[in-house]
Each structure stands twice: as C-alpha cells, then as structure tokens.
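# Remarks on the overall topology
Chain by chain, the residues:
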Amino acid sequence: MSGTTLDDYTDRYAARIGGMAQSEIRALFAVASRPEIVSLAGGNPYTAALPLPELADMFARLIRDQGTEALLYCPGQGSTRLREQICEVMADSGIDSTSGASPDDVVVTVGAQQGLDLLARVFCDPGDIVLAEGPTYVGALGVFSAAQATVVHVEMDADGLIPEALEAAIVASPRPPKLLYTVPTYQNPTGVTLSAPRRAEVLDICARHGVLVIEDDPYGMLGFEGDPPRPLRADTGDGVFYLGTFSKIFAAGLRVGWVLAPPAVRDKLVMASEAQILCPSALTQAAVTEYLATMPWRQQVKAFQVLYRERRDALLESLADYMPQDMTWTRPGGGLFVWADLPPGIHSKKMLPAALTQRVAYVPGTGFYANGDGGGQMRLNFSFPSADRIREGVRRLAGVVTTTAEL
Ligand code: PMP
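The helix and strand inventory of the chain stands at 13 helices and 14 strands. For 407 residues, the compact-globule formula gives about 22 Å, and the C-alpha radius of gyration of the chain, at 21 Å, lands near that figure. Structurally, the chain occupies a C-alpha span of about 60 × 60 × 55 Å along its principal axes. Expressed as a percentage of the 407 residues in the chain, the buried residues total 47%.

Next up on the list: the pairing of strand β2 (residues 106–109). Neither face of β2 is open: one carries Val106 and Val108, the other Val107 and Thr109, and all of them are buried. In terms of strand pairing, β2 meets strand β9 (residues 257–260) through 4 bridges, oriented antiparallel. Looking at β9, one finds that Val108 is bridged to Trp258.

Below, the discussion takes up the site of the ligand. Within the structure, the ligand sits among 14 residues, and Gly111, Ala112, Gln113, Thr245 and Ser247 are positioned closest to it. Broken down by element, the shell around the ligand gets its largest block of residues, 3 residues, from helix α4 (residues 111–123). Class assignment for the residues of the shell around the ligand results in 5 nonpolar, 8 polar and 1 charged.

Of all hydrophobic cores here, the largest spans 109 residues; its most connected members are Val130, Leu131, Phe144, Phe241, Val259, Tyr362 and Leu380. Beyond its immediate sequence surroundings of up to four residues, Leu380 is in contact with Leu40, Leu315, Phe337, Val338, Ala340 and Tyr362.

Turning our attention to the sheet that holds strand β11 (residues 337–341). Judged by pairing direction, the sheet is antiparallel, and its 4 strands sit side by side in the order β10-β11-β14-β13 without closing on themselves. Of all strands in the sheet, those with a lone pairing partner are β10 (328–329) and β13 (363–364), marking the two edges. As judged from the 2 bridges shared by β13 and strand β14 (residues 377–381), these two strands associate in the antiparallel manner. Along β14, the bridge assignment pairs Val363 with Arg379.

In this model, the chain carries an average pLDDT of 94, and 97% of its residues clear a pLDDT of 70 or more. For this predicted complex, the interface confidence reaches an ipTM of 0.99, while the overall pTM sits at 0.96.

We now examine the packing of α4 against helix α9 (residues 263–277). Between α4 and α9, whose axes approach to 9 Å, the crossing angle comes to 110 degrees. It follows that α4 is roughly perpendicular to α9 by the angle criterion. Judged by residue contacts, Leu118, Arg121 and Val122 of α4 engage Val265, Lys268, Leu269, Ala272 and Ser273 from α9. Across the contact of α4 with α9, the residue classes break down as 5 nonpolar, 1 polar and 2 charged.

Okay, unusual backbone geometry next. Backbone torsion omega between Gly134 and Pro135 reads 5 degrees, so that peptide bond is classified as cis. Looking at the secondary structure, you find Pro135 in the loop between β3 (129–134) and α5 (138–146). Of the consecutive residues Asn188 and Pro189, the connecting peptide bond is found in the cis state with omega at 20 degrees. Along the polypeptide, Pro189 turns up in the loop between β6 (179–182) and α7 (196–209). One non-glycine residue, Arg255, adopts positive backbone phi at about 60 degrees. Inspection of the secondary structure assignment puts Arg255 in the loop between α8 (247–251) and β9. Here the phi dihedral of Arg359 falls at roughly 65 degrees; this positive angle occurs in a residue that is not glycine. Relative to the assigned elements, Arg359 resides in the loop between α12 (348–357) and β12 (360–361). A tally of 16 C-beta atoms within 10 Å means that Arg359 is categorised as partly exposed.

When the terminal C-alpha atoms of α9 are compared, their 20 Å separation across 15 residues agrees well with the 21 Å that a helix rising 1.5 Å per residue should span. Among the residues of α9, Val265, Leu269, Val270 and Ser273 are the ones counted as buried. Summarising the axial view, the buried residues of α9 lie within an arc of 140 degrees, below the 170-degree limit, and thus occupy one face. Opposite the packed face of α9, turned more than 90 degrees from it, sit the exposed residues Ala264 and Ala275. Packing partners of the buried residues in α9 comprise β2, α4, β8 (240–245) and β9. Phi turns positive one or two residues past the end of α9, at Leu278, with a value near 65 degrees.

Moving on: the environment of Gln300. Along the polypeptide, Gln300 turns up in helix α11 (residues 297–322). Sequence separation of Gln300 and Arg61 is 239 residues, and the distance between their C-alpha atoms is 21 Å.

Take the sheet that holds β9 next. The strand order across the open sheet formed by 8 strands is β2-β9-β8-β7-β6-β3-β4-β5, and the pairing between neighbours is mixed. Taken across any chain shown, the strands that pair with only one partner, and hence form the sheet edges, are β2 and β5 (160–161).

Between α4 and α5, the shortest axis-to-axis distance is 9 Å and the interhelical angle comes to 30 degrees. Crossing hand, α4 versus α5: right-handed. Counted together, Gln113, Leu116, Asp117 and Ala120 of α4 and Gly139, Ala140, Val143 and Phe144 of α5 form the full contact between these two elements. Residues belonging to the contact of α4 with α5 are distributed by class as follows: 5 nonpolar, 2 polar and 1 charged.

Quick notes on the rules
Positions within a chain are numbered from 1, following the residues in the order the chain's sequence is written. In keeping with the predicted nature of the model, local features appear solely for residues at pLDDT of at least 70, side-chain atom pairs appear and are counted solely at 80 or more, and the whole-chain, interface and lining totals rest on all residues. Strands here are runs of E lasting at least two residues and helices are runs of H or I lasting at least four, both read from the DSSP assignment and numbered beginning at the N terminus. All radius of gyration figures rest on C-alpha atoms, and the globule criterion is 2.2 Å times the number of residues raised to 0.38. Counting other C-beta atoms within 10 Å of its own, a residue is labelled buried from 20 upward, exposed at 12 or fewer, and partly exposed in the gap between, with every C-beta atom placed from the backbone. The pairing criterion for strands is at least two bridges between them, as found by DSSP. Any residue whose C-beta atom, as placed from the backbone, lies within 6 Å of a molecule or strand is termed near it. Residue polarity follows a fixed list, in which Ala, Val, Leu, Ile, Met, Phe, Trp, Tyr, Cys and Pro are nonpolar, Asp, Glu, Lys and Arg are charged, and the others, Gly among them, are polar. Take the buried Ala, Val, Leu, Ile, Met, Phe, Trp, Tyr and Cys residues, join any whose C-beta atoms are within 7 Å, and the set you get is a nonpolar core. Contacts here follow a simple rule: the backbone-placed C-beta atoms of the two residues must lie within 7 Å. Predictor confidence is given residue by residue as pLDDT, running from a minimum of 0 to a maximum of 100. An axis is simply a line fitted to the C-alpha atoms; with a helix, the fit covers only the stretch in contact. Between two such axes, the angle follows the N-to-C directions and lies from 0 to 180 degrees. In this scheme, roughly parallel covers angles under 35 degrees and roughly antiparallel covers those over 145, while 65 to 115 is roughly perpendicular and the rest are oblique. In this analysis, the expected span of each helix is defined as 1.5 Å times one less than the number of residues it contains. What the arc covers is the set of directions going from the helix axis to the C-beta atoms. Crossing handedness is defined as follows: a turn of the near helix away from the far one that is anticlockwise and smaller than a right angle gives a left-handed crossing, while the clockwise case is right-handed.

What follows is the structure in structure tokens.
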C-alpha cells in the first residue's frame, strides 16, 4: 500500500477528517521562513528577548535537583504547585478568589490549544453551532471543524463583537448555538479589543439565550497602551470557561496552558485530557513553576510590552507612509497583530505569490473565516521581525499592493 501518490485510504477515513484542511498559515510558514523573505506572517513571540543563559542554568538545575520527579508522569489535572501559581498569574488581570477562581478548578493543558480542543470534545456534538468573531483564530476553526461543529461568524468592529449582531445571529440560528468562542482582548487576528460596555452586553445576551462562553485570553497581559478591560471571566463567576497560556508571556515552545472551569466541567476536562495525553509534561510544568518562582517574570512581560509597542509603531507608521490611500487597518493596543483591509478589488490570497516573489509574506484573511470570507483582508504580525525589517517588509508589500491595484 505504499509508494503511490494516490491516497489508498480515501474511503476509510472517519467523517470528522473531511472538514480538516491544512492550515493556510502552516503551509505558508515553510516558504515564509526563508531568510530573504520578510515574514509578517508569523505569530511567534520574540524568544530572543528571553534571558537564555539564565534559562539554561534553570533547566540544568531543574534536571539535577528535581529530575526524578520532573521526568515522571504527573496527575492528569497538572501539578498542584503550578495550578496555585496560575491563580496568582490570573489574579494580576482581575480573575481572583473573589471571582471564584481556585487552583482546584484549573486544568493544566498542552497550550491553550489543547484546552480548546478539550472544551470542544466535552461540549460539541456533530452539527452543533459555535459562534465566533468574524474573523477568528485559525486554530479554533481547526478544533471546531475536527469536532464537526459549525462555526457561525459574528460581525465585529473597532470595539470588538457587535452585540446586536450577536443577538441577531443567535435568533437567526437554525438550532440554538451552544457556544460563543471569543478572544476579547487584543484578538488574533485583528488586534481588536472588546470594549468594557460591550463585555457586559455580550455576557448578558449569552446568559439570556443559554449560550456558553469560551474566553480565550493569550494576549491580555501584552497590552502596551494602558490596561485592557477586565477579562469576561473576572466578573462572571463560573459563567465563562477561561483559557490561558504561558506561550506569549513566557515561551510557546514549552506548551503549557490552562483552562479554568467550574468543578463539574473541570472533571470532564480532566477525563478527556487523560484519554488524550495521560498528563501534561511534568518537565515543562516544573520549568514554568521554577521560572515563575525564581525569575522576574513580570519584568519580562514588561520587556515584551515595550518591544512589541515599538514594533507595532514601526508597522503602523510604515503602513501610513507606504500604503495607498484606500487601504485601512486596525490600531491594536496590545498583542501581536494588525488586520488590514486591502483596496477594493484585491484578493489577499491571489496576491500572495506576487508578495512572495517580492520577498514579503503575510497571512491572507481567508484563513480566519470558516466560510471563505476575508479575501479583502490580511493579517500582519509585528512581534517577531525587528522594526527595520518591518519597515522594509511594508515597503515591499506596498509595491505589490500598488501594482496589483493597477492590474
Ligand atoms: N488562542 C489564540 C487566540 C492564539 O492566538 C493562540 C496561539 N497563536 C492559541 C490560542 C494557542 O496558544 P498555545 O500556544 O497556548 O496553544
């Protein structure tokens, strides 16, 4: 059965695989990582800003002093000490014991991505409807597609999800939507933040219609223009399932994230996680515990904020300097991304080959919609390339946009 380019298993796959497409972003990464290309396509935090020699010492110490435990399996829910520390981290953004958050209700996961997958396993039957911002995080589209749920996008503007559009989508839905998946703060891919008044409205609408809420919050601590509004979870007790991660405030490569959920749901999540992975990595959990306990992690988050602000400014300034008049973009107060609307008539996916020829990469907007929308938009990353590379990338991209507009 080997050695052929045809797929011998076509008739044998599970139905859920039918909706799975290779993520446009991952397909793009192989090309975009070539050194001559300025990649505005990525989503990586800038790991070079981390204190690597100190981390090397920390890892060596960890193996030497705690190796026998850190190299074992651990409880499926995650280490007790780390779950306590996660509560301390969440308290910084307002999710504390007065919001009913407790280490008992935290499930440590392999990144927020696994947490999202677990929530989909626990809550989604095939055909269930999940509401999400339009556009939304590409990895969430993958999770819900694998769960055979249908994602219905809800329109957003510069203040995030539009409450009237949310209510209209619920009312118009052929069956009651089960979940709202939202990234309310410095969203991926738009950089947009849901305003404080709208947060209350969104929660109220979901509560009235019995729609469960998943709040995905990887970027909330990466603000560089004042503090963002409080997380949805901070003011709702158990009404919201909250996803957090160390990927953007420490290191994505460690793959440590978490879900905060009420006890009954937490138990289901732990069972689902044990079935999937037995337990998260004891070693990377121990590394996060050690990092939080012995190194100035809040200072490191500040350093990321300063760096990303400078790079965001470089991106916004060069867009204003180089792009044609009829192009617009968001102005994020934090996070890693800007979302740009191309001049009318340009399709971001069709333009990509020309951009790669001119040695610049971005992610076409279509990757962030379940329904093929997004052709007129693109996502631009500012966390990874230096300010100079960003300027050069935008200069190249503007040349491509201008030429394409003239065709
Ligand atoms: N949610 C969003 C909105 C993201 O942008 C990302 C990472 N790009 C994730 C979840 C996954 O994060 P993790 O590395 O914690 O799995």
